[in-house]
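# Coordinate analysis (summary)
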Amino acid sequence: MVGLPARGKTYIAKKMARYLNWIGISTKVFNNGEYRRHYTAEYESHDFFRVDNDMAMNIRRQCAEAALKDMLDWLERGGNVGVFDATNTTRDRRRMILDSINKLQYKIFFVESVCEDPEIIEENVKEVKVTSPDYKNMDKEEAIKDFLLRIQHYQTSYEPLSENFDRQLSFIKIFNQGERFLVNKINGHIHSRVVYYLMNIKLLKRSLYLTRHGESELNVKGRIGGNSDLSERGQNYAQALAKFVEQENIPNLKVWTSELKRTQQTSEHIEAPKECWKALNEINAGVCEEMTYEEIAVKYPEEFALRDQNKYTYRYPKGESYEDLVARLEPVIMELERQKNVMVIAHQAVARCLLAYFLDKNSEELAYLKVPLHTILKLTPVAYGCLIEEINLNVESVDTHRERPKNISRSRSIEAALETVPPHEE
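The shown structure was predicted, so the numbers you read here are calculated from the model rather than taken from an experiment.

About the cut-offs
Residues numbered from 1 in each chain as written. Predicted model: local features only at pLDDT ≥ 70, side-chain atom pairs only at ≥ 80, totals over all residues. Heavy atoms only, no water. Helix = DSSP H or I, 4+ residues; strand = E, 2+ residues; numbered from the N terminus. Buried < 20%, exposed > 50% of the residue type's maximum accessible area, 1.4 Å probe, protein only. Contact = heavy atoms within 4.5 Å. Areas by Shrake-Rupley, 256 points an atom, 1.4 Å probe, with all protein chains shown as cover. Lys, Arg positive; Asp, Glu negative; His and termini not counted. Charge placed at Lys NZ, Arg CZ, Asp CG, Glu CD. Patch = residues over 30% accessible without salt bridge, like charges linked within 9 Å, V, L, I, M, F, W, Y side chains within 5 Å. Salt bridge = Lys/Arg side-chain N within 4 Å of Asp/Glu carboxyl O. Pairing = 2+ DSSP bridges. Axes fitted to C-alpha atoms, helices over the stretch in contact; angles between N-to-C directions.

So, about the overall build of the protein chain. Scanning the protein chain from terminus to terminus reveals 16 helices and 11 strands. Reported as C-alpha extents along the three principal axes, the dimensions of the protein chain are approximately 75 × 50 × 40 Å. The burial tally for the protein chain puts 54% of its 426 residues in the buried class. For the protein chain, restricting intrachain contacts to residue pairs at least 6 apart in sequence, the fraction spanning at least 24 positions comes to 69%. Approximately 20800 Å² of the protein chain is accessible, and the part contributed by carbon and sulfur atoms is 46%. In the protein chain, which carries 60 positive and 65 negative side-chain charges, the distance between the mean positions of the two groups comes to 4 Å.

Next comes the structure, spelled out in structure tokens:
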């Protein structure tokens with residue numbers, strides 16, 4: 001990362017890492033500020049960041065070297081992408097980074113956030129920086145004043161990436177949080193994916209309302225997949241959902257559904273623009289479509305065990321895996337990042353994948369996230385993460401969540417295989 005303080009570098013770094021981890025590229029952020037706080041006494045004032053404070057400059061360099069070393073050690077142990085989250089505002093610092101990384105022959109990509117909009121900077125300082133551990137014992141107004149002086153110290157030695165001086169480097173410059181971009185010398189698949197992602201994210205105040213379709217006729221019978229209609233209780237949920245939307249009066253709300261009947265029937269009474277996405281269709285269970293877990297365990301016992309052993313990568317015969325589903329949902333995530341308020345009416349596996357992205361869950365957690373029927377999950381992006389609020393509309397439904405059983409052996413008994421199957425009608 002490159003850029004002055006309060007330019008959204010940590011926000012970008014964390015989002016970038018969350019996205020790359022979600023698509024299966026092992027990524028970790030190494031934040032230089034955390035190293036500084038660990039290795040130094042309690043923060044006193046902006047004077048620590050003066051360019052003529054030789055002692056502090058030496059400490060800051062040592063902290064940067066420690067963070068960089070930890071990042072390189074992590075990459076050597078098998079990580080795919082390390083994000084060095086620091087200001088890195090001088091050519092001298094970037095040269096040190098290049099020298100360290102080039103020795104190990106890793107590819108380097110710089111992401112610089114440039115912001116000259118005073119309103120954006122002020123909002124970032126007020127909402128994020130004054131709540132940092134540096135200012136835990138300082139009055140808010142004093143903290144703002146101190147941080148603005150800290151920025152001034154950095155500005156005296158700031159050397160932005162230049163398309164002329166740095167033309168041999170791979171980098172992207174992001175101006176005013178996405179107003180425009182400058183991309184230079186993209187080198188490889190991951191660089192391309194990162195650029196594509198960074199050019200799609202927008203810093204918008206918004207909420208995502210994620211819900212599954214109402215209870216379906218196949219849900220009641222414990223059958224997976226298919227394209228059945230809503231049950232009577234599912235229809236009641238559709239009515240309750242429309243009433244919720246009306247009462248909330250959500251500005252500029254859009255409603256997205258899959259192509260399957262049960263999601264479209266759930267959205268039927270909502271007064272808002274609707275969009276149908278094939279990518280939001282439920283995971284394809286292949287030969288197991290419309291079967292109960294009991295039937296699968298009897299007819300395909302080995303497949304049933306293999307799925308329990310690694311639910312994320314397991315692919316149904318002639319069907320899909322959760323890993324496939326994440327790849328299918330990537331365009332949905334990109335479009336969600338560009339939108340304001342959206343309600344997504346989807347399916348259990350799809351909702352798990354979307355939820356894992358916003359909550360930064362790993363692949364093992366993803367496959368077992370609880371997304372109950374007849375419940376709205378309101379997701380609101382905040383500085384470095386996402387707030388989640390669970391809203392139950394008090395319409396009864398079956399439970400379709402199956403935990404991973406203790407016994408995942410291929411030679412297990414049918415009883416052991418079905419240990420965690422939720423009850424349903426015969």
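A separate point is a nonpolar patch on the surface. Where nonpolar side chains cluster on the molecular surface, the patch consists of Val-183, Ile-186 and Met-199 and spans about 210 Å² of accessible area. With respect to the element layout, Met-199 can be found in the loop between α7 (189-198) and β6 (208-212).

Once that is clear, we can look at the pairing of strand β2 (residues 81-85). A regular strand carries its side chains on alternate faces of the sheet. With 4 of 5 residues buried, β2 lies mostly within the body of the structure. Direction of pairing for strand β1 (residues 27-31) relative to β2: parallel, over a ladder of 5 bridges. Note on β2: the bridge partner recorded for Phe-30 is Phe-84.

Before going further, it helps to examine the sheet that holds strand β5 (residues 180-184). Taken together, the 3 strands give an open sheet; going across it, the order is β3-β4-β5, and neighbouring strands pair in mixed fashion. The sheet terminates laterally at β3 (110-114) and β5, the two strands that pair on one side only. Put simply, the sheet's adjacent strands are angled 15° from each other on average, direction ignored. Judged from the 5 bridges that link them, strand β4 (residues 171-175) and β5 form a sheet pairing that is antiparallel. Looking at β5, one finds that Ile-172 is bridged to Val-183.

Within a sheet, adjacent strands bond to each other through the backbone by hydrogen bonds, running parallel or antiparallel. Within the open sheet, the 6 strands sit side by side as β8-β7-β9-β6-β10-β11. Their pairing is mixed. Every interior strand has two partners, whereas the edge strands, β8 (274-276) and β11 (385-392), have only one. Geometrically, the sheet is characterised by an average inter-axis angle of 20° between neighbouring strands, direction not taken into account. When strand β10 (residues 375-382) meets β11, the two strands line up antiparallel, connected through 8 bridges. Residue pairing for β11: Pro-381 is matched across the bridge by Cys-386. Contacts from helix α13 (residues 322-336) reach β6, β7 (254-257) and β9 (342-346), with the element oriented near 175° to β7.

In short, geometric facts, not functional conclusions.
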